[in-house]
Amino acid sequence: MKVKRVTGMLLASALVVSLFTGCGGKSSENEDGIKEFTAFFAVPGAEINDDNEIQQIIAEKTGAKVDETWLTGQTASEAVGTLIAGGEYPDFIDGGDAMGQLYEAGALVPLDEYLDDYPNIKAYYSEEEWNKLRQDDGHIYWIQQFQNIKGEEKATTHNDEAFWIQTRVLEWAGYPEINTLDEYFDLLEDYIAANPTMEDGTENIAYTILCEDWRYYCLENPPQFLAGYPNDGSVIVDPDELKIIDYNTTDTAKRYFQKLNEEYQKGFVDPESFTQTYDEYIAKLSTGRVLGMVDQWWNFAYSVNDSLKQQGLDEKGCSYVPLPITIDEGIKNQWHTSGGALNVGSGLAITTSCEDVEGALQFVDDLLSQDIHNLRFWGEEGVDYEVDENGLFYRTEEQRTQAADTAYKASHLCTYSYFPSYKGTSDDGINANWPDEQPGEFFDSLNSSVQKCFEAYGVKTYVEMLGTNEAPGSWYPMYSFSNAMTTSTPGGVAWTKMGEIKHEYLPRVVMADDFEGEWNTYMKAYDGCDPQSFLDEMQEELDRRMEEAAKFE
Amino acid sequence: MSFGTKRKKAAVAEPKIRFSWKEAKRQKALLIWSAVILIYGIIFYYLPLGGWLMAFQNYRPIDGLFHSEFVGLQKFQQLFSDATFLRVIRNTLAMGVLNLVVTFVAAIVFAILLNEVRNSFGKKTVQTISYLPHFLSWIIVTGIIHDALSGTGIINELLVNLNIIDQPINFFAHKQYFWPIVAFANVWKETGWNAIIYLAAITSIDPSLYEAASIDGAGRWAKIKNVTLPGIRPTIMILLLMNVGNVLNAGFEIQYLLGNGLVQSVSQTIDIYVLNWGISQGDFSLGTAAGIFKSVVSIVLIVIANQIAKKNGDERLF
């Protein structure tokens, strides 16, 4: 009887205890003595297999591996907000737009005191660049991991925003010079009139717009580019006066939306534009029926190009090339800027939940060494690429196809893509750090239709289609500040509200029967968000950045 | 025969409960298990209420619950001076009431119709198929609805081919369609499931009542009106009461997944507002304040509904 009672009590107390321990500690070292870290990146990404081969090789060489998880079905701020509310973090994190929230929540470990011990990390940025990454308390919390160019720049792909057009449209029209918004839409209209359907009878769509959630930049921010300014993202910066200009209210903006409105009324803008989800949009592009759109290359190209290739549609001219569009003839376009824009608003950070900060930083340091870097982006020598007698890396056609295969990517390749990496040239001085930037390798890997198009325009790369520009100034890009804004300041609240208003009114403006009336309603609602307080904070930040930069001159 | 009268009688005859150690010892097992449930309830339902403190603070995760600055009702003031919040209350109430009425009526009608089916194989098949959607998650249901209602979806195809409309309607681009779409989705997903409980209630009706009705010359319609409906009335009342308390839980996933920029002024509910401001924008205090408001309104609604039921001598919750 007594035994029973004791067991009963034990059971009950065990139950109570188990209620408190929902999340247990994690083991940071596995049986082979390899340290295991966790990472969360607030962007959509592809998970790799647990037994991924290159990940294993890197683990053997560096003594550590990282289990990466990506955003699924949430926005970055929702995912990060949930982590903050829970108070438990993975070892590594890139919160994307919500990086500022992580900082404010005290979730990140300051890295500046460690930097000197890790030569590869230390050398990753210049003193001036590290300084830009300092937060208002003077510490560095994250390492921006992209757009860092080592040695000679080898940009081939325009990895940014542009007006894209299918090569078949250009080929049909005899590769004309297209420089303005009007010319662009005239061409799309003419093509649709002559070719209403694809070969298999699917109806062509002249122009579609992605508006889902944060990806509505496809509708929202072209006015800055059309006016000939680079991608500051949320505002235009006048480079002479160093003044912030709101691109939402400019004449260019009004003309651009009026043009979209006209095209919508004429039936050339996809009527599903404003209601489609990102997945539906990608599926639509993958059928090859969309002739043109505005988007960032990284947002569509990787999935769409693979899919077009599998269907053989790339050879039929369904691949996209960028066009140097501005609102009027004679404006110099700045769709592409060279030199890499340092986005100080986010990056790879180590959280307070990480028990082995030194080990984590050591791993990042190792990832930057050239041989590991080659493993990440080129793969295994003899398996994923070959080396010729001059030491130049190249891939066979078979290896190229293999590298585009999703299953192979998951089982074999491991790029640790959200850890710091270099573009540009390898330490050996001849090879590119990324296969797609290797001269020769790049052009050969293009499909014949894009090759023909490039030859017709006398260019060799996507970047040359647009021409390139130096980064406009040391403030660039301003979006790294606005992305990190939170609602703790009036400017941040205004920014959030402006976003809400634009999400609702921009589609309405495009669809309106009475453009003028709707535009005025929109402008009135827009003014109601107090955009001036946002612009003032942007101006303050611009001034601060210029002051900081002046210290290094 | 109804449950209501039975319960009233029981209440009158209720004996006085006397507590004695002997009795406690005899019911030891019961007491221990009740304690476990009680502890569970305290931990998971009452302790989290401590978080309500946040609504009266300017909460910052770095300071924690105990070191954040108290600001009194400032967050509530901010909430009610925000036009968006007033709009989400309207949306939540409108969709909540619409969903409640439509799903409620649909389930009862469906249960009664199904009960009248004489072929038991047909009846079982229909019942099984009709409650299957309940087990689908909203993400799948909204996917199906999004496809079905798209420009090239089955609904537009039907309407165009039947010459009811000339051009496909872009259902998700117009505000007036959003609430009906949500209500329809709820009906499609939950009718079969909700009907189960009414079907169970119908089976418990004494068959002799139907016999008596037949002898009195009642047809099917009269039997439904005079036997079936009064028979399930207590069940209907209880479920109605519980659902009234849930009116402000008009939904989160469905509006979140089906909404877009164009219809956001009618699609956002309180829950989405809490997510946007509380989690996404990191203003936990504002999110908590909105959550408290929702809970308080729900409690008030359920008390009012209960009082009305009490007055009418119907079945009630407390």
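Conventions we followed
Residues numbered from 1 in each chain as written. Chains lettered and ligands numbered in written order. Predicted model: local features only at pLDDT ≥ 70, side-chain atom pairs only at ≥ 80, totals over all residues. Helix = DSSP H or I, 4+ residues; strand = E, 2+ residues; numbered from the N terminus. Buried ≥ 20, exposed ≤ 12 C-beta atoms within 10 Å, placed from the backbone. Rg over C-alpha atoms; globule rule 2.2 N^0.38 Å. Contact = placed C-beta atoms within 7 Å. Pairing = 2+ DSSP bridges. Axes fitted to C-alpha atoms, helices over the stretch in contact; angles between N-to-C directions. pLDDT = per-residue confidence, 0-100. Parallel < 35°, antiparallel > 145°, perpendicular 65-115°, else oblique. Left-handed = near helix turned anticlockwise from the far one by under 90°. Nonpolar A, V, L, I, M, F, W, Y, C, P; charged D, E, K, R; others polar. Core = buried A, V, L, I, M, F, W, Y, C linked by C-beta atoms within 7 Å.

Before going further, it helps to examine the overall build of chain A. The helix and strand tally for chain A stands at 24 helices and 15 strands. In terms of overall dimensions, chain A has a C-alpha envelope of 90 × 65 × 65 Å along the principal axes. Counting the 553 residues in chain A, one finds 43% classified as buried.

All right, on to the overall build of chain B then. A count of helices and strands for chain B gives 16 helices and 2 strands. A compact globule built from 318 residues should have a C-alpha radius of gyration of about 20 Å, whereas chain B, at 25 Å, is more than 25% larger. Counting only C-alpha atoms, chain B reaches 80 × 75 × 35 Å along its principal axes. In chain B, which comprises 318 residues, the proportion classed as buried is 28%. The contacts of chain B with a sequence gap of at least 6 include a subset with a gap of at least 24, amounting to 69%.

Below, the discussion takes up the interface of chain B and chain A. Counting residues at the interface gives 24 residues for chain B and 29 residues for chain A. At the level of secondary structure, the elements contributing two or more residues to the side of chain B that touches chain A comprise α3 (28-46), α14 (264-267) and α15 (270-280) of chain B. Top contributing element to the side of chain B that touches chain A by residue count: α3 of chain B, with 4 residues.

With that settled, the discussion passes to the sheet that holds strand β3 (residues 92-94) of chain A. Residues and elements named next belong to chain A. Spatial strand order, β2-β1-β3-β12-β4: 5 strands in an open sheet with mixed pairing. Two strands bound the open sheet, and with one partner strand each, they are β2 (64-70) and β4 (142-143). Against the sheet, helix α14 (residues 357-367) makes contact with β1 (35-41), β2, β3 and β12 (348-350), and its axis sits at roughly 75° relative to β1, the strand it touches most.

Looking at chain A, pLDDT values average 89 and 94% of them are 70 or higher. Note on residues 17-27 of chain A: pLDDT is under 50 here. Beyond four places in sequence and across chains, it has 2 contacts.

Sheet strands pair via backbone hydrogen bonds, and the direction of the pair is either parallel or antiparallel. Residue and element names in this part refer to chain A. An order of β7-β10-β6-β11 is seen for the 4 strands of this open sheet, with the pairing classed as mixed. Among the strands making up the open sheet, the edge pair consists of β7 (205-207) and β11 (320-323). Between one strand axis and the next, the sheet turns by 35° as a mean value, whatever way the strands run. Here strand β6 (residues 161-166) runs beside strand β10 (residues 290-296); their pairing, made up of 5 bridges, is antiparallel. Bridge pairing in β10 places F163 opposite V294. Strand contacts of helix α8 (residues 181-194): β6, β7, β10 and β11, with the helix running at about 175° to β7, the strand carrying the most contacts.

To continue, consider the packing of helix α12 (residues 220-245) of chain B against helix α16 (residues 284-311) of chain B. Between two packed helices, the angle of one axis relative to the other and the distance separating the axes together describe the packing. Residue and element names in this part refer to chain B. Packing of α12 against α16 brings their axes to within 7 Å, and their N-to-C directions diverge by 155°. Judged on the interaxial angle alone, α16 and α12 are roughly antiparallel. In the packing of α12 onto α16, the handedness of the crossing is right-handed. Here α12 contributes M237, L241, V244 and G245 to the contact with α16, which in turn contributes S298, L301, I302, A305, N306 and A309. Of the residues assigned to the contact of α12 with α16, the class counts are 7 nonpolar, 3 polar and no charged.

Attention now goes to the pairing of β6 of chain A. All names here are of chain A. Extensive coverage of β6 is indicated by the burial of 6 of its 6 residues. Burial along β6 is two-sided: E161, F163 and I165 and A162, W164 and Q166, pointing in opposite directions, are all buried. Bridge count for β6 against β11 is 4 bridges, and the pairing is antiparallel. Its bridge partner being in β11, I165 is matched across the sheet by V321.

For the rest of this paragraph, the subject is the nonpolar core. Judged by nonpolar contacts, the single largest core of 174 residues is most densely connected at L102, I165 and L291 of chain A. Here the element with the most residues in this core is helix α22 (residues 490-511) of chain A; it accounts for 9 residues. Setting aside chain neighbours within four positions, we find L291 of chain A in contact with I165, Q166, V169, L188, Y191, N204, I205, A206 and Y207 of chain A. A106, L114, A195 and I202 of chain B belong to the second-largest nonpolar core, a separate cluster that totals 12 residues.

Residue and element names in this part refer to chain A. You can see L111 is positioned in the loop between α4 (99-104) and α5 (119-122). Between the C-alpha atom of L111 and that of I350, which follows or precedes it by 239 residues, the distance is 8.2 Å. With residues near it in sequence (within four places) discarded, L111 still touches I140, Y141 and I350.

So, about the packing of helix α7 (residues 120-131) of chain B against helix α10 (residues 175-203) of chain B. Residue and element names in this part refer to chain B. Between α7 and α10, the least distance of the axes is 6 Å, while the angle of their chain directions is 125°. By the angle class used here, α7 and α10 are oblique. Listed contacts from α10 to Q127, S130 and Y131 of α7 are T191, G192, W193 and I196. Taken together, the residues of the contact of α7 with α10 break down into 3 nonpolar, 4 polar and no charged.

Residue and element names in this part refer to chain A. For the peptide bond that leads from Y476 to P477, omega is -5°, which places it in the cis range. Here the phi dihedral of Y175 falls at roughly 50°; this positive angle occurs in a residue that is not glycine. Relative to the elements of secondary structure, Y175 occurs in the loop between α7 (167-172) and α8. One non-glycine residue with positive phi stands out, namely D530, at about 60°. With respect to the helices and strands, the residue D530 is situated in the loop between α23 (515-527) and α24 (531-550). Look at D530 and you get partly exposed, because 16 C-beta atoms sit within 10 Å.

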